[in-house]
Amino acid sequence: MTIILQKMEALNLSSLIIGLLGAVFLNLILRWFYIRYGKSHSNRVSLANNFVLLAISVTLIIFLIKSSIALSLGLVGALSIIRFRAAIKEPEELIFLFFSIAIGLGFGAEQGIVTTVAFIIALPVYYIKFQLLDRTTLEPTMIVTYSSEQNNGTEAQAKVADLLRANCLSVRLVRLNEKAQLLDMTYSVSLLNFDHLLKIKQGLKEIDEKSTITFVDSYRPAL
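Residues numbered from 1 in each chain as written. Predicted model: local features only at pLDDT ≥ 70, side-chain atom pairs only at ≥ 80, totals over all residues. Heavy atoms only, no water.

### Description of unusual backbone geometry
Both trends apply: most residues other than glycine have a negative phi, and most peptide bonds are in trans. Even without glycine at this site, Glu 110 takes up a positive phi of about 60 degrees. Here Glu 110 lies in the loop between helix 5 (91-108) and helix 6 (112-137). (Helix = DSSP H or I, 4+ residues; strand = E, 2+ residues; numbered from the N terminus.)

Written out as structure tokens, the structure is:
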């Protein structure tokens, strides 16, 4: 009986080690893929660094509770007092976090082959969808914000608009805030190339050298 128990413990230990190694390996690939091809504007490296430890934790939890109802009930009680308050700013971040958790669940349940096959299918699908197909339906845009304390009314607004139209494929006014001597305008523009961005910057400074100018990268559906 003792020998059988020892063999079962050795088998469980080897299964756990294989599961952990598999989860770590796939999450290292997932980490690299997210940093390289993700479109989130937040710090992708900071988020991706959590993938491996997250998957290890999930793998270990599932491995421990899958054969014990008592442990699973205890886990429910423990999780009820835990509050996950991480600020998820973009849906893509949530998708990759769930994917990392799914990898941990798969290896923790000793479904490594199924998990690996799903992983091999998922990443190329993501690459094709967001890196190839969307590239033909999205055009690069910039959010340009111009703030000046020398408000010359419609004259200044017309100069800014003419400057943007001369250097952009399309120009769309997003926000206009005019108050006393303050003029604050935000445009969404499709730039021709980087040289035109420099021309816009120089032109806006010529309108008011003390103005504040902000350029923010963005994407929008092509018309």
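### Points about the pairing of strand 2 (residues 168-179)
Here strand 2 pairs with strand 3 (residues 182-191) via 10 bridges, running antiparallel. Of the residues in strand 3, the one forming a bridge with Arg 175 is Thr 186. (Pairing = 2+ DSSP bridges.)

### Some details on the confidence of the model for the protein chain
Of all residues in the protein chain, 74% attain a pLDDT of 70 or more, and the chain-wide mean is 76. No element of the protein chain has a lower mean pLDDT than helix 4 (residues 69-79), at 57, and none a higher one than helix 5, at 87. Across residues 3-8, where pLDDT falls below 50, the model places zero contacts with residues more than four positions away in sequence or in other chains. (pLDDT = per-residue confidence, 0-100. Contact = heavy atoms within 4.5 Å.)

### Quick word on a nonpolar patch on the surface
A cluster of nonpolar side chains, contributed by Ile 113, Val 117, Ile 121 and Val 125, occupies part of the molecular surface with about 400 Å² of accessible area. Turning to its location among the elements, Ile 121 is positioned in helix 6. Ile 121 sits in the exposed class, given a relative accessible area of 53%. (Patch = residues over 30% accessible without salt bridge, like charges linked within 9 Å, V, L, I, M, F, W, Y side chains within 5 Å. Areas by Shrake-Rupley, 256 points an atom, 1.4 Å probe, with all protein chains shown as cover. Salt bridge = Lys/Arg side-chain N within 4 Å of Asp/Glu carboxyl O. Buried < 20%, exposed > 50% of the residue type's maximum accessible area, 1.4 Å probe, protein only.)

### Re the nonpolar core
Judged by nonpolar contacts, the single largest core of 18 residues is most densely connected at Leu 30, Phe 51, Phe 96, Ile 103 and Phe 119. Secondary structure elements with two or more residues in this core: helix 1 (2-37), helix 2 (44-48), helix 3 (51-65), helix 5 and helix 6. Broken down by element, the residue count for this core peaks at six residues, all from helix 1. Discounting chain neighbours no more than four positions away, the residues touching Ile 103 are Ala 23, Leu 26, Asn 27, Leu 30, Thr 115 and Phe 119. Core analysis: the second largest hydrophobic core is formed by 17 residues, Met 142, Val 160, Leu 164 and Leu 183 among them. (Core = buried A, V, L, I, M, F, W, Y, C linked by side-chain atoms within 4.5 Å.)

### So, the packing of helix 7 (residues 154-167) against helix 8 (residues 194-207)
One can describe the packing of helix 7 onto helix 8 by two numbers: an axis separation of 10 Å at closest approach and a directional angle of 165 degrees. The pairing of helix 7 with helix 8 is recorded here as roughly antiparallel in orientation. Between helix 7 and helix 8 lies a crossing whose hand is right-handed. Contact residues: helix 7 offers Lys 159, Val 160, Leu 163, Leu 164 and Asn 167, while helix 8 offers His 196, Lys 199, Ile 200, Gly 203, Leu 204 and Ile 207. Residues belonging to the contact of helix 7 with helix 8 are distributed by class as follows: six nonpolar, three polar and two charged. (Axes fitted to C-alpha atoms, helices over the stretch in contact; angles between N-to-C directions. Parallel < 35°, antiparallel > 145°, perpendicular 65-115°, else oblique. Left-handed = near helix turned anticlockwise from the far one by under 90°. Nonpolar A, V, L, I, M, F, W, Y, C, P; charged D, E, K, R; others polar.)

### Looking at the pairing of strand 3
By the criterion of burial, strand 3 is predominantly enclosed, with nine of the 10 residues buried. Hairpin connection of strand 2 to strand 3: two residues between the antiparallel strands, including Ala 180 at a positive phi of 55 degrees.

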